[in-house]
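Chain by chain, the residues run as shown.
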Amino acid sequence: MRYGPPANQGKQDTGYVSEFTDFMTHFLKEHPEEVREQRTGWFLYWDHKPHRSLQDLADQESVPDDRYGFDYSAWHARSNTPKNNS
């Protein structure tokens, strides 16, 4: 009787290729322009530097975090009269 992990544990079956993976492999080999389009789209949407002036404007217009997760003043009205601590 054998105890422990199966003999082939840690070895991956590399012979199986899904239908989708097979299709995409052949499609991209036949249409290399699609790979270029993917890279162009990636650079267009992800690999760009933010405008410094827009970042400064966003920093100026941001509201400081009150660490409560909601606007405390909206739930509790503040009075303008000073509190009497006596």
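Residues numbered from 1 in each chain as written. Predicted model: local features only at pLDDT ≥ 70, side-chain atom pairs only at ≥ 80, totals over all residues. Heavy atoms only, no water.

Considerations on the overall build of the protein chain
Then, number 1: Scanning the protein chain from N- to C-terminus turns up four helices and zero strands.
Then, number 2: Helices (α) and strands (β) of the protein chain occur, in sequence order from the N terminus, as α-α-α-α.
Then, number 3: Going through the 86 residues of the protein chain one by one, you find that 0% of them count as buried.
Then, number 4: By element, 55% of the accessible surface of the protein chain is carried by carbon and sulfur atoms, the whole surface being about 9,400 Å². (Helix = DSSP H or I, 4+ residues; strand = E, 2+ residues; numbered from the N terminus. Buried < 20%, exposed > 50% of the residue type's maximum accessible area, 1.4 Å probe, protein only. Areas by Shrake-Rupley, 256 points an atom, 1.4 Å probe, with all protein chains shown as cover.)

Looking at the packing of helix α1 (residues 19-30) against helix α2 (residues 32-45)
Pairs of packed helices are described in terms of their axes, by the angle between the two and the distance that separates them.
Then, number 1: Put simply, α1 and α2 touch, their axes get as near as 4 Å, and they point 95° apart. By the angle class used here, α1 and α2 are roughly perpendicular. Judged by residue contacts, Phe27, Leu28, Lys29 and Glu30 of α1 engage Pro32, Glu34 and Val35 from α2.
Then, number 2: In terms of residue class, the contact of α1 with α2 is built from four nonpolar, no polar and three charged. (Axes fitted to C-alpha atoms, helices over the stretch in contact; angles between N-to-C directions. Parallel < 35°, antiparallel > 145°, perpendicular 65-115°, else oblique. Contact = heavy atoms within 4.5 Å. Nonpolar A, V, L, I, M, F, W, Y, C, P; charged D, E, K, R; others polar.)

Quick look at a nonpolar patch on the surface
Then, number 1: A surface patch of nonpolar side chains, amounting to about 690 Å² of accessible area, comprises Trp42, Phe43, Leu44, Tyr45 and Trp46.
Then, number 2: On the secondary structure map, Tyr45 appears in helix α2.
Then, number 3: Under the relative-accessibility criterion, Tyr45 is labelled exposed at 60%. (Patch = residues over 30% accessible without salt bridge, like charges linked within 9 Å, V, L, I, M, F, W, Y side chains within 5 Å. Salt bridge = Lys/Arg side-chain N within 4 Å of Asp/Glu carboxyl O.)

Examining the confidence of the model for the protein chain
Then, number 1: Per-residue pLDDT for the protein chain averages 78, and the proportion of residues at 70 or more is 64%.
Then, number 2: By mean pLDDT, the top-scoring element of the protein chain is α1 (95), and the lowest-scoring one is helix α4 (residues 72-75) (64). (pLDDT = per-residue confidence, 0-100.)

Brief notes about α2
Given 3.6 residues per helical turn, the α-helix brings residues three or four places apart onto the same face.
Then, number 1: Compared with an ideal rise of 1.5 Å per residue, which puts 14 residues at 20 Å, α2 spans 21 Å between its outermost C-alpha atoms and is within 8% of the ideal.
Then, number 2: With zero of 14 residues buried, α2 is to be regarded as a mostly surface element. (Expected span 1.5 Å × (residues − 1).)

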